[in-house]
Amino acid sequence: MAYNVVLVGCGGMANVWVEDLLERPEVKIAALVDIQEANAKALADRHGLTCGLYTGLEEAIRQSGADLVVDATIPASHYAVSSTAMRLGCHVFSEKPMAATMQEAQDIVRIAEETGRSMAVMQNRRFNRHIRALRGLIADGTIGRIGYTGADFFLAPHFGGFRDAMESPLILDMAIHTFDQARYITGADPVSVYCQEFNPAGSWYAGNAAAICIFEMSDGSIFCYRGSWCAEGVPTSWDADWRINGEKGTAVWDGEHAPYAEVVDPDEQEEVFLKKYTRVEASKPQTEREGHTGGLDEMFAALREGRAAETDCKDNIKSMAMVMGALESARSGCKVTLAEYLAEN
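Here is a short report on the structure shown in this document. If you're wondering where the values come from, they're calculated on a predicted model, not measured in any experiment.

### Topic: the environment of Val6
Alright, step 1. With respect to the helices, strands and loops of the structure, Val6 is situated in strand E1 (residues 3–8).
Alright, step 2. For Val6, a relative accessible area of 0% translates into the label buried.
Alright, step 3. Counting along the chain gives 55 residues from Val6 to Ile61, while the straight-line C-alpha distance between them is 6.9 Å.
Alright, step 4. The residues contacting Val6, other than those within four sequence positions of it, are Ala31, Val33, Leu57, Ala60, Ser64, Ala66, Leu68, Val69 and Val70.

In structure tokens:
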């Protein structure tokens, strides 16, 4: 199956998409779109593309005969791009987040259902052999029913630019990755959240660059996120540092190396104050391409097989609800129930 692709948004991230798409024989990049035509031309020149260059998406789709739109624009444009593309008969692959507001996200899901088009979100941190192995440990019942999942994310990236001026840079720009990972690892969805944002001493961000979030999950467990984007020294990985406690043991993953679990030794230990544990290595998952490429492999596979992608909008809206609910909780100082965010889905 061949795909005629329109790529919208020709900034720095577009290069990652183009480099991958050019390696796929079933893909033809039919058009580039950017509100600044010079950006589209620069991207085309950089990669030797001879496709059409446009400043408007509708014109690009109609003239190129596209059936797939890749959205590499800023979050504020995602709704307009996705809704326009699907109404004109195109499937959509989009950068995260799927939209800038919950209302827009809900509308995207509705439009996808009405048009029969798919809209999938790039959650590239799901596509990692170690996180897949960790999910396997949990799904196999190695540690039993989950009671607690914790993720620590402490880094100090000096981006400069728009993030330094954002009101909630950590939660708005980054936390959706970890929130989505928590859903993937546990197989559970969010029910409620309490969040406290703050801006630690020494922060160079104008907005709150740190947060602690406590989520109740659909399986009755708790997911606790502790994060900071201005934590100098002893950094975690970009995939966070994970601990999952279950009724029979604990699984851990540092975000870089293979995960493992320790479970209660099966020998009789009824009268022991601190029990002995047996280490269980995670099974190696089937070889998969990772990161952005792995995410695109899944998106294209879903189209070929006529199914929803793992990160289809109907699923990804649950990760979006975790972000927006956390922000509402931080503003109100109250625990927020997330049912209203997902009521229309």
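Read on for the rest.
### Observations regarding helix H6 (residues 129–139)
Alright, step 1. Looking only at H6, the buried set comprises His130, Ile131, Arg132, Ala133, Leu134, Leu137 and Ile138.
Alright, step 2. A side-chain oxygen of the first residue of H6 lies 2.7 Å from the backbone nitrogen of His130; this N-cap is Asn128.

### Examining the packing of aromatic side chains
Alright, step 1. Tallying each qualifying case throughout the model produces eleven aromatic pairs.
Alright, step 2. Each ring, one from Phe179 and one from Tyr225, has its centre 5.2 Å from the other, and the planes form 80°; the classification is edge-to-face. Pair noted here: Phe179 is in helix H8 (residues 169–186) and Tyr225 is in strand E10 (residues 222–228), with a separation of 46 residues, a long-range link.
Alright, step 3. With relative accessibility at 0%, the residue Phe179 sits in the buried group.
Alright, step 4. With relative accessibility at 0%, the residue Tyr225 sits in the buried group.
Alright, step 5. Ring geometry for Tyr205 against Trp229: centres 6.3 Å apart, planes inclined by 15°, an arrangement best described as stacked. In this pair, Tyr205 is assigned in the loop between strand E8 (190–198) and strand E9 (210–217) and Trp229 in the loop between E10 and strand E11 (241–246), connecting sequence segments 24 residues apart.

### Description of the side chain of His47
Alright, step 1. By secondary structure assignment, the location of His47 is in helix H2 (residues 37–47).
Alright, step 2. Apart from the residues within four sequence positions on either side, His47 is in contact with Asn15, Val18, Glu19 and Leu22.

### Some remarks on the nonpolar core
Alright, step 1. Counting residues in each nonpolar core, the largest one holds 77 residues, and the members touching the most others are Met98, Cys213 and Phe223.
Alright, step 2. For Phe223, the residues in contact, after removing those within four places along its chain, are Thr149, Ala151, Thr178, Phe179, Ala182, Cys213, Ile214, Phe215, Met217, Trp242 and Met322.
Alright, step 3. Counting residues in each nonpolar core, the second largest holds 28 residues, with Val5, Ala14, Leu32 and Met122 among its members.

### What about the sheet that holds strand E12 (residues 249–253)?
Alright, step 1. Reading across from one edge, E14-E13-E12-E11-E7-E10-E9-E8-E15 is the order of the nine strands in this open sheet, with mixed pairing throughout. The sheet terminates laterally at strand E14 (277–281) and strand E15 (336–337), the two strands that pair on one side only.
Alright, step 2. The sheet contact formed by E8 and E9 spans eight bridges and is antiparallel. Residue pairing for E9: Ser192 is matched across the bridge by Glu216.
Alright, step 3. Sheet strands touched by H6: strand E7 (146–154), E11, E12, strand E13 (260–264) and E14. Its angle to E12, the strand with the most contacts, is close to 170°.

### Observations regarding the state of the cysteines
Alright, step 1. On inspection of all chains with the given rule, the structure shows zero disulfides.
Alright, step 2. A disulfide-free cysteine, Cys10 has its sulfur positioned 8.4 Å from the sulfur of Cys51, the nearest such atom.

### So, the environment of Cys195
Alright, step 1. Within the secondary structure, Cys195 sits in strand E8.
Alright, step 2. In this structure Cys195 touches Ile171, Ala211, Ile212, Cys213, Ala326, Ser329 and Ala330, once residues within four positions along its chain are discounted.

### Some words on the packing of H8 against helix H10 (residues 313–332)
Alright, step 1. Put simply, H8 and H10 touch, their axes get as near as 9 Å, and they point 130° apart. Comparing their axes, H10 and H8 come out oblique. Read as a crossing pair, H8 and H10 show a hand that is right-handed. Counted together, Ile171, Leu172, Ile176, Phe179, Asp180 and Arg183 of H8 and Asp315, Asn316, Lys318, Ser319, Met320, Met322, Val323, Ala326 and Leu327 of H10 form the full contact between these two elements.
Alright, step 2. Its residues assigned to classes, the contact of H8 with H10 shows nine nonpolar, two polar and four charged.

Reading guide: rules and limits
- Residues numbered from 1 in each chain as written.
- Predicted model: local features only at pLDDT ≥ 70, side-chain atom pairs only at ≥ 80, totals over all residues.
- Heavy atoms only, no water.
- Helix = DSSP H or I, 4+ residues; strand = E, 2+ residues; numbered from the N terminus.
- Buried < 20%, exposed > 50% of the residue type's maximum accessible area, 1.4 Å probe, protein only.
- Contact = heavy atoms within 4.5 Å.
- Polar contact = N/O pair within 3.5 Å; in protein donor to acceptor, adjacent residues only side chain to side chain.
- Phe/Tyr/Trp six-rings, centres within 6.5 Å; stacked < 30°, edge-to-face > 60°.
- Core = buried A, V, L, I, M, F, W, Y, C linked by side-chain atoms within 4.5 Å.
- Pairing = 2+ DSSP bridges.
- Axes fitted to C-alpha atoms, helices over the stretch in contact; angles between N-to-C directions.
- Disulfide = S-S within 2.5 Å.
- Parallel < 35°, antiparallel > 145°, perpendicular 65-115°, else oblique.
- Left-handed = near helix turned anticlockwise from the far one by under 90°.
- Nonpolar A, V, L, I, M, F, W, Y, C, P; charged D, E, K, R; others polar.

Just geometry here; none of it tells us what the structure is for.
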